[in-house]
Amino acid sequence: MDLLPPPAAGDAGADDDLPARADAYAATPLLNCLLRELAEPVPGPGDRPVYRLPGGGRLLRVRGGRRPAEPEVHAAGAWHRVGHTGLVKLVAEELRRHTGLSNHELPAEMIDSRDAVAALLAARARATPPGDPYLRSEQSLLTGHSHHPAPKARGGGPAAGWLPYAPEAHARFPLTLLGVREDTVVEEGDTCPLDALGTAPPGYRLLPAHPWQLDLAGRELAAAFADGRLLRLGTTAFDTYPTAAIRTLYAPDRDLFLKFSLDVRITNDIRRLWRHDLLKLHRTDTAARSAFAALTGPAAWLSDRGYRTADFAFEELAVLVRDGLRAHVLPGATPLLAAALAEGFDGSPLDGHSAPEAWWAAYLRAVVPPALAAFAAHGVVLEAHLQNALVAVDADGMPVQALYRDAEGVKLLPEVSRAAGWERLVYCLVVNHLTEIAAALAERHPGLDPWPAARRELARHDLPEIADLLTAPTLPGKTNLLLRWTGADGAAARYRPIPNPLRDA
């Protein structure tokens, strides 16, 4: 099957050839990984960039840009199109030769990711997107992580098991309510919002659960249901909406985010609320909350206020309580997921904006200062990537505020070294975040160079690392393909140098 470029934002139904569209969506991030982590550019004429693959010296060419597509391999004196299945085979062969390691799991994940996209495309054709622009942005990501080999994999299970809970399919559903016997409850922080979700019988505490979470952990919880440590109490009277993180749900009626454990690999990690992360949650969230309280601008931190679980299923039943939006978003502003701005969605303020330079300068003023100030003044390393940043825009679509989230991804100095923390911040904020927004803006406005403005914004901040950031030939690009192939821990980070656009700005 030949690859097609992913449809433009708002044009997802323009091509009726669903398999080809699924191939195209799945191939783009896989190609990005291959080109960043293994391939070497081959200089030469032509409108399609050519790369040499190190394993056997094969030549690969693609339709270029931030969404590479239409891969072709040179053989027998001619270029031959490679479909998604062939691309997976090609990548696996190159990785085996490059690393000397075999991996049967990752190719299956790549195929699962592509099949998930096909299921999502079919489901979206029958679904109605949320009317609220914030929820629409959270549920818009058909490509997802732009540099991951299998960003939409859902654990390999049948689509019927996960599709009812998929944000990309515009899902909404009530929470399952459980009663947990009081003597088994473990909690820390402010979990009062959980008690307002329903009513538990005497001797029990209320614990909401993600329905998919219960499906996945059914066998492990059977004994607790049988002996009365757990009770089923029905469902909430209101719906929740899965956000881009999949396991984090938003309840607009209560203005509350809840984050759950899911025993499914999504991108690099099994998305469980791990005990070691929960036990340090209060410390990291307090540090982030204090850092944002000291800021002079409008940026906000969505606090992970506390968690509740049961001692007999500490990770399986854990639920984390996160601040809602209304107390934090500026009056009259509309929060939007930064990742949705990069990918595109119906109603994006990037579409047709008449003042792209002013929009970009306002965006930089919103998202850069809080991340740098948290690091410089408080030793807080935000995971400031696209999925952990919300950007609130005014009635004209201009950015006016950044909201950051997810204490689980926060690192603190000196628990990590300053050099390691800075490298992580540069990757998350500049490479993962600003690079993608800049490219999306430049695509809509040919001739716009977004990097001089980014350089000016970064140069305003008095950090000793800034001078090197602005002059270094390279930036750290995370190697998700190699991380997954070599079986590295999901929280690990290894980087390959990539060209620094700030240097020449």
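This text follows the structure it describes.
These figures come from a predicted structure and were not determined experimentally.

Peer 1: Quick rundown of the overall build of the protein? Include the residues and the values.
Peer 2: Scanning the protein from N- to C-terminus turns up 16 helices and 24 strands. Computed over its C-alpha atoms, the radius of gyration of the protein comes to 23 Å, within 12% of the 23 Å expected for a compact globule of 505 residues. When contacts within the protein are restricted to residue pairs at least 6 apart in sequence, those whose partners lie at least 24 apart make up 71%. For the protein, the exposed area adds up to about 19,700 Å²; of that, 52% sits on carbon and sulfur atoms.

Peer 1: Describe the sheet that holds strand β5 (residues 78–81), with residues and values.
Peer 2: The sheet built from 5 strands is open, its strands ordered β1-β2-β3-β4-β5 with antiparallel pairing. Only two strands of the sheet have a single partner each, and these edge strands are β1 (40–42) and β5. Averaged over all pairs of adjacent strands, the angle between their axes in this sheet comes to 35°, without regard to strand direction. Relative to β5, strand β4 (residues 69–75) runs antiparallel, the two sharing 4 bridges. Across the sheet, the residue bridging to A75 is A78, located in β5. Helix-sheet contacts for helix α1 (residues 18–37) involve β2 (50–52), β3 (59–63) and β4, and the interaxial angle to β3 is about 130°.

Peer 1: Tell me about the pattern of salt bridges, and please be specific about residues and values.
Peer 2: Here the structure, examined in full by the defined rule, presents 43 salt bridges. Between E408 and R247 there is a salt bridge, with its nearest N and O atoms 3.3 Å apart. Note that E408 is positioned in the loop between β21 (399–405) and β22 (411–412) and R247 in the loop between β10 (241–242) and β11 (248–251), a separation of 161 residues in sequence. Considered together, E408 and R247 belong to a single accessibility category, that of buried residues.

Peer 1: Talk me through the sheet that holds β10; I want residue IDs and the actual numbers.
Peer 2: Spatial strand order, β7-β16-β17-β12-β11-β10: 6 strands in an open sheet with antiparallel pairing. Taken across any chain shown, the strands that pair with only one partner, and hence form the sheet edges, are β7 (185–189) and β10. Where strand β12 (residues 256–260) and strand β17 (residues 319–322) come together, 4 bridges link them in antiparallel fashion. By the bridge assignment for β17, K259 is matched with L320. Contacting β7, β16 (304–310) and β17, helix α10 (residues 281–293) crosses the sheet at an angle of about 165° to β16.

Peer 1: Provide a residue-level description of the side chain of S137, including the pertinent values.
Peer 2: For S137, the location among the structural elements is in helix α4 (residues 133–138). In this view, S137 contacts L336, L337, A340 and F345; residues no more than four positions away in its chain are not counted.

Peer 1: Any details on the nonpolar core? Residues and values, ideally.
Peer 2: Counting residues in hydrophobic clusters, the biggest one holds 87 residues, and the most contacted among them are W360, Y363, L382 and Y404. If one sorts the elements of this core by residue count, helix α13 (residues 418–444) sits on top with 13 residues. With near-sequence residues (within four places) excluded, W360 lies in contact with L434, I437, A438, L441, P450, A453 and A454. A22, L142, A209 and A217 belong to the second-largest nonpolar core, a separate cluster that totals 48 residues.

Peer 1: Go over the pairing of β3 with me, naming the residues and quoting the values.
Peer 2: Taking every second residue as pointing to the same face, the buried face of β3 carries L60 and V62, while none of L59, R61 and R63 on the other face is buried. The sheet contact formed by β2 and β3 spans 3 bridges and is antiparallel. Its bridge partner lying in β3, Y51 is registered against L60. Taking the residues between adjacent antiparallel strands as the criterion, β2 and β3 are bridged by 6 residues, where G57 takes a positive phi near 75°. Between β3 and the antiparallel strand that follows it, β4, lie 5 residues; G65 among them carries a positive phi value of about 105°.

Peer 1: Describe the packing of helix α12 (residues 356–378) against α13, and please don't skip the residues or the numbers.
Peer 2: Put simply, α12 and α13 touch, their axes get as near as 12 Å, and they point 165° apart. As summarised for this structure, α12 and α13 are arranged roughly antiparallel, according to the angle between their axes. Note that α12 runs across α13; the crossing there is right-handed. Residue-level contacts link P356, W359, W360, Y363, L364, V367, V368, A371, L372 and F375 of α12 to R418, G421, W422, L425, L429, H433, L434, I437, A438 and L441 of α13. Of the residues that constitute the contact of α12 with α13, the class distribution is 17 nonpolar, 2 polar and 1 charged.

Peer 1: Please set out the pairing of strand β20 (residues 389–393) residue by residue, giving values where relevant.
Peer 2: Here β20 lies mainly inside the structure; 5 of its 5 residues are buried. Of the two faces of β20, the one holding A389, V391 and V393 and the one holding L390 and A392 are both buried throughout. Where strand β18 (residues 334–337) lies against β20, 4 bridges are found, and the strand directions are antiparallel. Looking across to β20, one finds that T334 is bridged to V393.

Scoring rules and cut-offs
- Counting of residues starts from 1 at the beginning of each chain's written sequence and follows it residue by residue.
- Only residues with pLDDT of 70 or above have their local features reported here, since the model is predicted, and side-chain atom pairs are shown and tallied only from 80 upward, although totals for entire chains, interfaces and linings are computed over all residues.
- Side-chain measures here rest on the full set of heavy atoms in the structure, leaving out hydrogens and waters.
- The numbering of helices and of strands both runs from the N terminus, where a helix is a DSSP run of H or I of at least 4 residues and a strand a run of E of at least 2.
- For the radius of gyration, the atoms used are the C-alpha atoms, and the globule rule reads 2.2 Å times the number of residues raised to 0.38.
- The contact criterion used is simple: two residues touch if any of their non-hydrogen atoms lie within 4.5 Å.
- Only the protein chains shown count as cover for residues, and the accessible areas themselves come from Shrake-Rupley with a 1.4 Å probe.
- Pairing between strands is defined by DSSP: at least two bridges between the two strands are required.
- Lines fitted to the C-alpha atoms define the axes, with helices restricted to the stretch that makes contact. Angles between their N-to-C directions range from 0 to 180 degrees.
- By salt bridge we mean one thing: a side-chain nitrogen of Lys or Arg within 4 Å of a carboxyl oxygen of Asp or Glu.
- Burial classes follow relative accessibility: with a 1.4 Å probe on protein chains only, a residue under 20% of its type's maximum area counts as buried, one over 50% as exposed, and anything between as partly exposed.
- What is meant by a nonpolar core is a set of buried Ala, Val, Leu, Ile, Met, Phe, Trp, Tyr and Cys residues, joined one to another through side-chain atoms within 4.5 Å.
- The labels follow the angle: roughly parallel below 35 degrees, roughly antiparallel above 145, roughly perpendicular from 65 to 115, and oblique for the rest.
- By definition, any crossing whose near helix is turned counterclockwise from its far helix by less than a right angle is left-handed, and any crossing with a clockwise turn is right-handed.
- Think of it as three bins: nonpolar holds Ala, Val, Leu, Ile, Met, Phe, Trp, Tyr, Cys and Pro, charged holds Asp, Glu, Lys and Arg, and polar takes everything else, Gly as well.

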